[in-house]
Number of protein chains: 2
Amino acid sequence: MMAAMAIPAKAALPAEPTQAQRFGKARTAQSGALLEDYVELISDLLESNGEARPTDIARRLGVSHATAIKTIGRLKREGLAIAKPYRGVFLTEGGELLAARVRSRHRLVVDVLLAVGVPAEAAEQDAEGIEHHVSDVTLAAFGSFLRQRE
Amino acid sequence: MMAAMAIPAKAALPAEPTQAQRFGKARTAQSGALLEDYVELISDLLESNGEARPTDIARRLGVSHATAIKTIGRLKREGLAIAKPYRGVFLTEGGELLAARVRSRHRLVVDVLLAVGVPAEAAEQDAEGIEHHVSDVTLAAFGSFLRQRE
DNA sequence: CATGAAATGTAGCCTAGGCTACATTGTGTT
DNA sequence: AACACAATGTAGCCTAGGCTACATTTCATG
């Protein structure tokens, strides 16, 4: 059966290592997606409420407070946030920068979806997942696309 | 401190359970994404090679063969694939259906990205991650968008 | 037809993200 | 000032997805 197709394993398949790279990248993008969501949300809460409490974060994200706290720990380890016990969460400079990038990317993605004719609700919904997979190149293209059709 | 903002916890925040739902949905969409990739790839391999071997799958996905085999086990548990030891992997009817849907969705996403002006390479790359977060509603909008601008 | 290399499968370990249950801290109200 | 209760934090467990290392099965070939 496999003899029929040959599959030299050293000639046919390695022709596309590209695909493996693509999948790998999509996987990697997934890591970090959660951190991005947290950072963006914390930034929002800080701005609108003056503080970002684990409980609020958990509620907004729809997870248990324990999960939120654990992830906030990761944020700290990654140097994106600071938090003293029982004192709320704050962002480092790096965290703020990331938040800003994530926020503008989110808007851009939503705007493109809307421009393409996606209903507002679905646009918001899907953007939440899509945004984490939009590369800088694509982002730039989105920007041009929107500007050009004003 | 919290008295300052009040946050009655029963009046202000619950106003947007929507966001939690959005995040939750994006998370859920992520589960299943991997299965979709596997199913699509298996379908491709079956069509082009007449068989889908764990080793090839692993190579194409850029993971170890052990990981591929473990995931194939999940595919079987979910009723998407069938495989007898040392005999290659095949799709169930459900698996084929899923593969077809995934494949057409992938094409549509790539086409929209291209239509919006994203370079081919980036379009392929990003589509790999984006496609798993595109709802049916958005998919339909994509279809209309493409048809309308022919 | 025996044998060795490649493919397949198994075991065990790791991290990320979830959860529940329990412990601790802070604070608004009496 | 004390206490109750909400918020916070900790511990321990689970699954998905990765990996490496080792074991087994096939099968092409000498």
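Above: the structure in question.
Counting of residues starts from 1 at the beginning of each chain's written sequence and follows it residue by residue. Going through the entries in the order they are written, you letter the chains from A and number the ligands from 1. Under the rules for a predicted model, residues below a pLDDT of 70 receive no local features and side-chain atom pairs below 80 are neither given nor counted, while totals for whole chains, interfaces and linings still include all residues.

Asks: Could you clarify how one ought to interpret the overall build of chain A in this entry?
Replies: A tally of helices and strands in chain A yields 8 helices and 2 strands. Numbering goes from the N terminus for both helices and strands, where a helix is a DSSP run of H or I of at least four residues and a strand is a run of E of at least two. Taken from the N to the C terminus, the helices and strands of chain A come in the order α-α-α-α-α-β-β-α-α-α. Residues are treated as contacting if the C-beta atoms built from their backbones sit within 7 Å of each other. Taking all contacts inside chain A whose residues are at least 6 apart in sequence as the whole, residues at least 24 apart take part in 47%.

Asks: Can you walk me through the protein's contact with DNA strand D in this structure?
Replies: Around DNA strand D, the structure places 24 residues, and the nearest of them are R53(A), T55(A), A66(A), S64(B) and A66(B). At the level of elements, α1 (2-5), α4 (54-61) and α5 (65-77) of chain A together with α5 (65-77) of chain B are the ones that each hand at least two residues to the surface near DNA strand D. Top contributing element to the surface near DNA strand D by residue count: α5(B), with 5 residues. Throughout this description, a residue near a molecule or strand is one whose C-beta atom, derived from the backbone, lies within 6 Å of it.

Asks: When you look at unusual backbone geometry in this model, what are you seeing that I'm missing?
Replies: Positive phi is not limited to glycine here, since Y86(A) has a value of about 65°. Mapped onto the elements, Y86(A) comes out in the loop between β1 (81-83) and β2 (89-91).

Asks: Hey, could you run me through the relation of the copies chain B and chain A in this one?
Replies: Look at the two chain copies: a rotation about an axis and a shift along it is all it takes to match them. Between chain B and chain A, which share one sequence, the superposing operator has a rotation angle of 180° and an axial displacement of 0.0 Å; the RMSD is 0.0 Å. Such values leave the two copies arranged in the relation of a two-fold axis. Relative to the rotation axis, the C-alpha of I130(B) is the closest in chain B, positioned 2.5 Å from it. A symmetric contact is evident, with 100% of the interface residues of chain B recurring at the interface of chain A. When the copies are overlaid, the least-squares fit takes in C-alpha atoms only where the residue has pLDDT of at least 70 in both copies.

Asks: I tried to follow the nonpolar core on my own but got confused; where do I start?
Replies: Soluble, globular proteins show a tendency: their nonpolar side chains are buried together. Ranked by internal contacts, the top residues of the largest apolar core, which has 24 residues, are V109(A), L113(A), A127(A), V109(B), L113(B) and A127(B). Beyond its immediate stretch of four places on either side in the chain, A127(A) contacts H106(A), V109(A), V110(A) and L113(A). Take the buried Ala, Val, Leu, Ile, Met, Phe, Trp, Tyr and Cys residues, join any whose C-beta atoms are within 7 Å, and the set you get is a nonpolar core. Field definition: a residue is buried when 20 or more other C-beta atoms are found within 10 Å of its C-beta, exposed when 12 or fewer are, and partly exposed for counts in between, with C-beta atoms placed from the backbone.

Asks: How do you make sense of the interface of chain B and chain A when you look at a structure like this?
Replies: Accessible area lost during the coming together of the parts is what is often quoted as the interface size. The interface of chain B with chain A comprises 45 residues on the first partner and 47 residues on the second. Counting residues per element, the ones that place at least two in the side of chain B that touches chain A are α2 (17-30), α3 (33-49), α4 (54-61), α6 (93-115), α7 (120-130) and α8 (136-148) of chain B. The leading source of residues in the side of chain B that touches chain A is α2(B), at 10 residues. In this count, Pro and Cys sit with the nonpolar residues alongside Ala, Val, Leu, Ile, Met, Phe, Trp and Tyr, while Asp, Glu, Lys and Arg are called charged and the others, Gly among them, polar. Split into classes, the residues belonging to the side of chain B that touches chain A amount to 21 nonpolar, 14 polar and 10 charged.

Asks: What's the story with the packing of helix α6 (residues 93-115) of chain A against helix α7 (residues 120-130) of chain A in this structure? I'm lost.
Replies: Each pair of packed helices can be summarised by the angle the axes make with each other and by the distance between the axes. Residues and elements named next belong to chain A. Helix axes are fitted only over the stretch in contact, all axes being lines through C-alpha atoms; the angle between N-to-C directions runs from 0 to 180 degrees. As a packed pair, α6 and α7 sit with axes 9 Å apart at the nearest point and diverge in direction by 135°. Viewed along their axes, α6 and α7 adopt a mutual orientation that is oblique. Crossing angle aside, the handedness with which α6 passes α7 is right-handed. Contacts between α6 and α7 involve H106, V109, V110, L113 and L114 from the first element and A120, A123, E124, D126, A127 and I130 from the second. When an angle is under 35 degrees it counts as roughly parallel; over 145 it counts as roughly antiparallel; between 65 and 115 it counts as roughly perpendicular; any other value is oblique. What makes a crossing left-handed is the near helix being turned counterclockwise from the far one by less than a right angle; a clockwise turn instead makes it right-handed.

Asks: What's the story with the protein's contact with DNA strand C in this structure? I'm lost.
Replies: Around DNA strand C, the surrounding shell holds 25 residues, and the nearest of these are S64(A), A66(A), R53(B), T55(B) and A66(B). Elements with a contribution of two residues or more to the surface near DNA strand C: α5 of chain A together with α1 (2-5), α4 and α5 of chain B. Broken down by class, the residue content of the surface near DNA strand C amounts to 14 nonpolar, 7 polar and 4 charged.

Asks: I'm lost on the environment of R59(B) in this one. Help?
Replies: Residues and elements named next belong to chain B. With respect to the helices and strands, R59 occurs in helix α4. For R59, a count of 20 C-beta atoms within 10 Å gives the class buried. Taking C-alpha positions, R59 is 26 Å from L108, a pair spaced 49 residues apart along the chain.

Asks: Where do I start with α5(B) in this structure?
Replies: In an α-helix, one full turn covers 3.6 residues, which means residues spaced three or four apart are oriented alike. Residue and element names in this part refer to chain B. Multiplying one less than the number of residues by 1.5 Å gives the expected span of a helix. Its 13 residues place the ends of α5 18 Å apart at the C-alpha level, agreeing with the 18 Å of an ideal helix rising 1.5 Å per residue. Buried residues in α5 make contact with α3, α4, β1 (81-83) and β2 (89-91). Where α5 terminates, the next one or two residues include G79, which has phi positive at roughly 75°.

Asks: Whenever I open this one, the environment of S43(A) confuses me. Can you help?
Replies: All names here are of chain A. Along the chain, S43 turns up in helix α3 (residues 33-49). Measuring from C-alpha to C-alpha, the distance between S43 and R60 comes to 13 Å, with 17 residues separating the pair along the chain. When near neighbours in sequence (up to four residues on either side) are disregarded, S43 contacts L91, E96 and A99.

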